[in-house]
Amino acid sequence: MNHMPPLPAALPGLREAERPQRPPARAVWLTGLSGAGKTTLAHALEASLQRDGLRACVLDGDRLRAGLSSDLGFTDADRAESIRRAAHVARLFVDAGMVAIVALISPFRAERAAARALFAPGDFIEVYVNVPLAVAEERDPKGLYRRARSGALPRFTGIDSPYEPPGAPVLELRTDVLPVAECVERLRARMGLVP
Ligand code: ADP
C-alpha cells in the first residue's frame, strides 16, 4: 500500500518566477575532430550545470570504450555501433530528467542523424566543436595525431578517415578563437539557461 501523501497540484507559496522549472533534460552532442575540445567543454559544461544543482553526465569515448563498448574497435562498423550505443544511453539519461553531454568525434552525418532521431525535436543539441585540423594536430592532447602520422593508428579521423562536418548544427564553437568559459556560456544559452 502506498502511504505517500498526494503531491500538491501547485506550489501556492511561490510566485511564478520562483517555481521550479522543468529540468533541462537534453542531449548535448559535441562532435568534432580529435583535439577540438569536446571533452574539455563537456566537463566544463557538466561542472557549470552541477553548480546550479542540475544533474548532468558526460559520455565520452574513453569512458564508453572502457566499459559499455570495450568489445568495439575502430572499424567503420564498430565506430557506428559505439555511437549508436552512446545515443541510446544518452536517451535513457534524458528520459530520467538529466542532461547527457556526449563528447564523441562521431565523424559521419548519417550516424549523428540516427542519434538525433531518438530524441524529441529540441532535445538533441548538435554542437560542432570546430577547429582547423592544423590546430587540433598542434594541440594533440593524447599524442594520437603523432601516432596516426607515423602509421601506428590507421583510419584516424582527419588524417586518413574523413570527418563530415554538420550541415546545420544548433551551435558551432570555434575553440581556437573562443575561450572555454565563453563556449560554456554559449552552450548554456542554447539550452535556455541564463548565465
Ligand atoms: P577532444 O575531446 O575533442 O579530443 P580535448 O578536450 O581532449 O579534445 O582536448 C582539447 C585541448 O585543447 C585541451 O588540451 C584543451 O585544454 C585545449 N583547448 C584550448 N582552448 C580550448 C577551448 N576554447 N575549448 C576547449 N579546449 C581548448
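Residues numbered from 1 in each chain as written. Predicted model: local features only at pLDDT ≥ 70, side-chain atom pairs only at ≥ 80, totals over all residues. Heavy atoms only, no water.

One finds L30, L49, I101 and V127 to be the most contacted residues of the largest nonpolar core, which totals 33 residues. Those elements that provide at least two residues to this core are β1 (27-31), α1 (38-51), β2 (56-60), β3 (99-103), β4 (124-130), α6 (144-149), β5 (171-174) and α7 (180-190). By size, the runner-up hydrophobic cluster in this structure holds 16 residues, among which are L64, I83, L104 and F124. (Core = buried A, V, L, I, M, F, W, Y, C linked by side-chain atoms within 4.5 Å. Buried < 20%, exposed > 50% of the residue type's maximum accessible area, 1.4 Å probe, protein only. Helix = DSSP H or I, 4+ residues; strand = E, 2+ residues; numbered from the N terminus.)

Take the site of the ligand next. For the ligand, the set of nearby residues contains 15 residues, the closest of which are G35, K38, T39, T40 and L178. L178 is positioned such that a nitrogen or oxygen atom in its backbone is 2.7 Å from a nitrogen atom of the ligand. For the ligand, the accessible surface in isolation is 570 Å², of which the surrounding protein chains cover 76%. The dominant element in the shell around the ligand, judged by the number of residues it contributes, is α1, at 4 residues. Within the shell around the ligand, the residues separate by chemical class into 7 nonpolar, 6 polar and 2 charged. (Near = heavy atom within 4 Å. Polar contact = N/O pair within 3.5 Å; in protein donor to acceptor, adjacent residues only side chain to side chain. Areas by Shrake-Rupley, 256 points an atom, 1.4 Å probe, with all protein chains shown as cover. Nonpolar A, V, L, I, M, F, W, Y, C, P; charged D, E, K, R; others polar.)

Our next topic: the sheet that holds β5. The strand order across the open sheet formed by 5 strands is β2-β3-β1-β4-β5, and the pairing between neighbours is parallel. Each having just a single partner strand, β2 and β5 make up the two edges of the open sheet. Taking each pair of neighbouring strands and ignoring which way they run, the sheet shows an average axis angle of 20°. Pairing of β2 with β3 involves 5 bridges; the strand directions are parallel. Each bridged residue has a counterpart across the sheet, and for C57 the counterpart in β3 is A100. (Pairing = 2+ DSSP bridges. Axes fitted to C-alpha atoms, helices over the stretch in contact; angles between N-to-C directions.)

On inspection of all chains with the given rule, the structure shows 12 salt bridges. The partner of K142 in a salt bridge is D62, and the shortest N-O contact between them spans 3.5 Å. Here K142, found in the loop between α5 (133-139) and α6, pairs with D62, found in helix α2 (residues 61-66); they are 80 residues apart in sequence, far enough to count as distant. The exposure class assigned to K142 is exposed, which follows from its relative accessible area of 51%. Look at D62 and you get exposed, because its relative accessible area is 53%. Here D95 ties to R91 by a salt bridge, and the two come within 2.9 Å at their closest N and O atoms. Of the two residues, D95 and R91 both sit in helix α3 (residues 76-95), 4 residues apart, roughly one turn of that helix. Here the salt bridges do not stand alone but share partners, grouping D71, E81, R84 and R85 into one network. (Salt bridge = Lys/Arg side-chain N within 4 Å of Asp/Glu carboxyl O.)

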